[in-house]
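Listed here are the chains, written in short residue letters.
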Amino acid sequence: MSGIFSYGKITDEIIDELKGKIGTNNVCADEEKLESYSRDEVPQSAYDREYRAALLVFPESTEHVSEVMKTASRERIPVTPRGAGTGLSGGALPAFGGIVMSFEKMNRILELDEANLTITTEPGVVTAEISRMAARHGLLYAGDPCSGDASFIGGNIAENAGGNKVIKYGATGAQLLALEVVLADGSVCWFGGKRRKDVTGLDFVHLMAGSEGVLAIITKAILRLMPAPRHSVDLLAAFPDAESAVAFVPQIIKEGGLIPASVEFIDRKALRLVASYLNTEIPAGDAGAALIIQLEENDAELLEREFEEIGKLSQSHGAYEVYVADTRGAKERIWQARKNVPEAVSAIYKRYTKEDLVVPTADVPALLELLNDTARSEGLECVAYGHVGDGNMHCTIISPECGDWHERLRAAQLRIYEKLVGMGGTLSGEHGIGYKRREYMKYFLDEAQLELIRRVKLAFDPQNILNPGKLVEWGE
Ligand code: MLT
Ligand code: ZN
C-alpha cells in the first residue's frame with residue numbers, strides 16, 4: 001500500500017488547464033469560498049485540526065467532471081465530491097486538500113417518465129424538488145431524509161440517506177435504478193438502467209449507494225417512482241416515558257396489522273429542547289416521550305378506520321393522549337417538533353456527539369438504557385430521537401460542562417460501541433462513516449472485511465484520489 005498517499009500539488013498551470021477545460025467561472029481559489037466549501041455539518045470541534053481544499057470546481061456537465069478527473073488522475077490530485085454540505089460524518093471534508101468538486105451547477109431534473117415510473121436527475125438537484133416534481137404528476141419519490149429541503153440527491157445516494165420512510169419504502173438505495181458515473185481516470189459509464197430486474201453482471205448500482213464518493217463520481221441518477229397514496233394522516237402519541245413508547249412500536253405492525261410510512265421517536269429531553277429552541281408550545285411538549293406514526297391509504301374510509309384503531313391500540317399500551325393531524329398545518333406542527341431536534345441540540349449545546357446507531361428494532365429499549373446509563377456514569381447527558389421504526393436512533397451524548405468533556409464523551413462512546421456489537425447493532429444507519437467515524441470501524445467490522453473494502457476501493461481508484469481518507473483507515 002506504500003505511496004498511496006503521495007499526492008501532486010495544484011500549480012498555476014493546472015488551474016489554467018482546468019479553466020480552459022471547464023470555464024474560468026467554474027474554477028475558484030478564493031480563500032473565503034475555500035473555507036466554506038471545506039466542511040459539512042460536523043462541528044469543527046470533532047477534529048484535531050482544520051482541513052482546507054486548495055481549489056474548487058463547479059462542473060456543469062458530465063464532460064466537465066470527466067475532464068477534471070483526467071487532469072486529477074494524471075497529476076494524482078485528490079478530489080472530494082460535495083453536495084449541499086448537509087452531511088453529518090465529514091464525508092465532504094477535503095482530508096488531503098486538493099480539489100473540492102461541488103455539484104450545485106448540475107441541478108437539472110432531466111426527465112420524468114410516467115410510462116416507466118422513473119425520474120432522471122443530475123446530482124445537484126435538491127431532494128425535495130424531486131418529491132415535488134413527482135407529486136405534480138400524482139407520483140411519489142419515496143426517499144425522505146430529514147435534510148430533504150436542503151440536501152442534494154447526489155449526496156443522498158453517496159450516503160444512502162435514510163430518513164423518515166425507511167420502514168415502508170427503504171432508504172435512498174432502494175429507490176435507485178441506475179447511475180451514470182465518472183471513474184477516477186475520467187471515463188464515463190452507466191450502471192443499471194430503467195429496469196426493475198437485472199442480474200447482468202455485479203450490482204454496481206447498489207455498491208455505489210453509501211459508497212461516500214470513494215469509488216466513482218455520480219453524474220446522473222435514475223430513480224424509481226410509484227403512485228402517490230391519496231390520503232395520509234399523522235398521529236402524535238404522547239407516552240409517560242420512553243420505555244412504554246418504544247415498547248409500543250412493534251405492536252403497530254403485530255397487533256395493528258399494517259406497516260406505517262413512518263414511526264419516529266422523540267424523548268422527554270428532546271421535546272423540551274425543541275420547545276425552548278422554537279420558543280413555542282409544541283404538541284405533546286410535556287410528555288415523557290412521543291411517537292409520530294404516519295399512515296397512508298388510497299381509501300379515506302379505510303385510513304380513518306386504521307388511524308382510529310392505531311390510536312386506541314396506543315392508548316391500550318400506555319399513550320395518554322393522541323393528536324390526529326390530517327390537515328397540512330397540523331401535520332407541519334407535528335413534524336416541526338421532530339425535524340427541529342438536531343438544530344435545537346446544535347444551537348443549545350456546544351459539546352456533543354451526534355450518534356447514528358442502529359440495533360435490531362426489538363432491542364431499541366436496551367439501547368436507550370445502555371445510552372442513558374453510560375452517559376450518566378460519565379457525568380454526561382443523552383438526548384434520544386430518531387427513526388425508531390427501523391431501529392436507527394440518533395442518540396446524542398451531550399456534555400453540559402467544559403473541562404475534560406472530550407475524553408468523557410470518547411470513553412462513553414467506546415463503552416457503548418463495545419456493548420452495541422454484542423447486541424447485533426452497528427455504528428451508522430444513514431449519516432455514514434466519512435472522516436468522523438472511520439477510527440471506530442474496527443470495532444464493528446473485522447480486519448478481513450476492512451481489507452476487502454480497501455481492495456474494492458483500489459479496484460475502482462488505484463491511486464486513491466477519490467475522496468481519500470474516508471470510510472476506512474490505511475495506517476496513514
Ligand atoms: C434526523 O433524523 O433528524 C437527521 O438524520 C439529522 C440529524 O439527526 O441530525
Ligand atoms: Zn435521521
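Rules used throughout
Residues numbered from 1 in each chain as written. Chains lettered and ligands numbered in written order. Predicted model: local features only at pLDDT ≥ 70, side-chain atom pairs only at ≥ 80, totals over all residues. Heavy atoms only, no water. Helix = DSSP H or I, 4+ residues; strand = E, 2+ residues; numbered from the N terminus. Buried < 20%, exposed > 50% of the residue type's maximum accessible area, 1.4 Å probe, protein only. Donors = N, O, S within 2.8 Å, 3.2 Å for Na, K, Ca; no water. Salt bridge = Lys/Arg side-chain N within 4 Å of Asp/Glu carboxyl O.

**Observations regarding unusual backbone geometry**
Item 1. Positive phi is not limited to glycine here, since Leu117 has a value of about 55°.
Item 2. With respect to the helices, strands and loops of the structure, Leu117 is situated in the loop between strand 5 (109-113) and strand 6 (118-121).
Item 3. You can call Leu117 partly exposed: its relative accessible area is 25%.
Item 4. Although it is not a glycine, Ala284 adopts a positive phi angle of roughly 60°.
Item 5. You can see Ala284 is positioned in the loop between helix 9 (268-278) and strand 14 (289-297).

**Some points on the coordination of the zinc ion (ligand 2)**
Item 1. The protein atoms donating to the zinc ion (ligand 2) are His387 (NE2), His394 (NE2) and Glu430 (OE), with metal-donor distances spanning 1.9 to 2.1 Å.
Item 2. When the donor residues of the zinc ion (ligand 2) are listed from N- to C-terminus, their spacing reads H-x6-H-x35-E. Of this pair, His387 sits in strand 18 (residues 381-387) while Glu430 sits in the loop between helix 14 (405-422) and helix 15 (441-444), placing them 43 residues apart in sequence.

**Details of the pattern of salt bridges**
Item 1. Under the counting rule described, the total for this entry stands at 24 salt bridges.
Item 2. A salt bridge links Glu296 to Lys168, with the nearest nitrogen and oxygen atoms 2.9 Å apart. Residue Glu296 is found in strand 14, and its partner Lys168 is found in helix 6 (residues 166-169); the two are separated by 128 residues along the sequence.
Item 3. Overall, Lys168 belongs to the partly exposed group, its relative accessible area being 33%.
Item 4. Here Glu447 makes a salt bridge to Arg454, at a shortest N to O gap of 3.0 Å.
Item 5. Owing to a relative accessible area of 48%, Glu447 belongs among the partly exposed residues under this scheme.
Item 6. Salt bridges linked by common partners bring Glu17, Lys21, Glu67, Lys70, Arg74 and Glu75 together as one network.

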